[in-house]
Amino acid sequence: MLQAIREGDRKMYRLLFERYYPSLCAYGNRFVQLEEAKEIAQDSLLWLWEHREEVTIESSLSGYLLSMIYHRCVNLLLQNQARLKAESRYLKAVEEMLNKEDPFQFNELQRHIQEALRSLPDTYREAFMLHRFSNKSYKEIAELLQVSSKTVDYRIQQALKQLRILLKDYSPLLIWLIGETTLPV
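Residues numbered from 1 in each chain as written. Predicted model: local features only at pLDDT ≥ 70, side-chain atom pairs only at ≥ 80, totals over all residues. Heavy atoms only, no water.

### Regarding the confidence of the model for the protein chain
Of all residues in the protein chain, 83% have pLDDT values of 70 or greater, and the mean over the chain is 84. Mean pLDDT per element in the protein chain: helix α9 (residues 171–178) is the minimum at 53, and helix α2 (residues 10–28) is the maximum at 96. In the predicted structure, residues 179–185 sits below a pLDDT of 50 and forms 12 contacts with residues beyond four places in sequence or in another chain. (pLDDT = per-residue confidence, 0-100. Helix = DSSP H or I, 4+ residues; strand = E, 2+ residues; numbered from the N terminus. Contact = heavy atoms within 4.5 Å.)

### As for the environment of Y124
If you trace the backbone, Y124 turns up in helix α6 (residues 122–132). Along the backbone, Y124 and D153 are 29 residues apart, and their C-alpha atoms lie at a distance of 9.8 Å. Setting aside chain neighbours within four positions, we find Y124 in contact with Y154, R155, Q158, A159 and Q162.

### So, the packing of helix α7 (residues 138–145) against helix α8 (residues 149–166)
The contact between α7 and α8 brings their axes to 8 Å, and the two run at 105 degrees. The angle between α7 and α8 places the two elements in the roughly perpendicular class. The segment α7 lies against α8, with Y138, K139, I141, A142 and L145 engaging S149, V152, D153, R155, I156 and Q157. Residues of the contact of α7 with α8, tallied by class, amount to 6 nonpolar, 2 polar and 3 charged. (Axes fitted to C-alpha atoms, helices over the stretch in contact; angles between N-to-C directions. Parallel < 35°, antiparallel > 145°, perpendicular 65-115°, else oblique. Nonpolar A, V, L, I, M, F, W, Y, C, P; charged D, E, K, R; others polar.)

In structure tokens:
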């Protein structure tokens with residue numbers, strides 16, 4: 001099977017995908033959420049196809065794939081853990097800054113944030129607002145907007161990038177205030 005895939009046999013690859021994808025998703029779901037496990041399994045199988053000519057499998061194909069899923073899940077968990085630690089430290093620093101800020105500066109900052117949000121392209125603002133203010137997941141937003149989760153992720157990341165540029169003078173307070181649900185647009 002692997003030799004046929006190395007030679008570019010798409011039918012054999014489809015057979016491999018159908019055979020392994022469900023069990024790889026189930027295995028990945030032991031470590032991460034099912035949606036993340038599905039994405040990891042799909043990305044792993046796609047990676048195998050794209051690198052089929054140079055992949056060397058010393059044990060079984062199933063062992064190789066399970067190992068790949070395991071390592072990708074662990075990497076995702078480590079990234080999430082690092083992000084949470086950074087956000088926690090940042091939130092603490094922001095809270096300390098807010099205790100030092102006067103109400104006038106805070107109101108002015110809210111006004112600047114509202115203006116920045118209004119200046120975003122509609123598609124970016126809509127995805128961003130649904131995620132940050134309505135607490136919707138990327139999957140829920142994707143279904144609502146009838147786009148892929150990757151498109152939602154891209155739009156939110158672009159919105160954040162533009163907000164960081166527009167609000168660069170207020171960057172220490174940006175994350176805390178963007179997450180505040182009392183900011184009307």
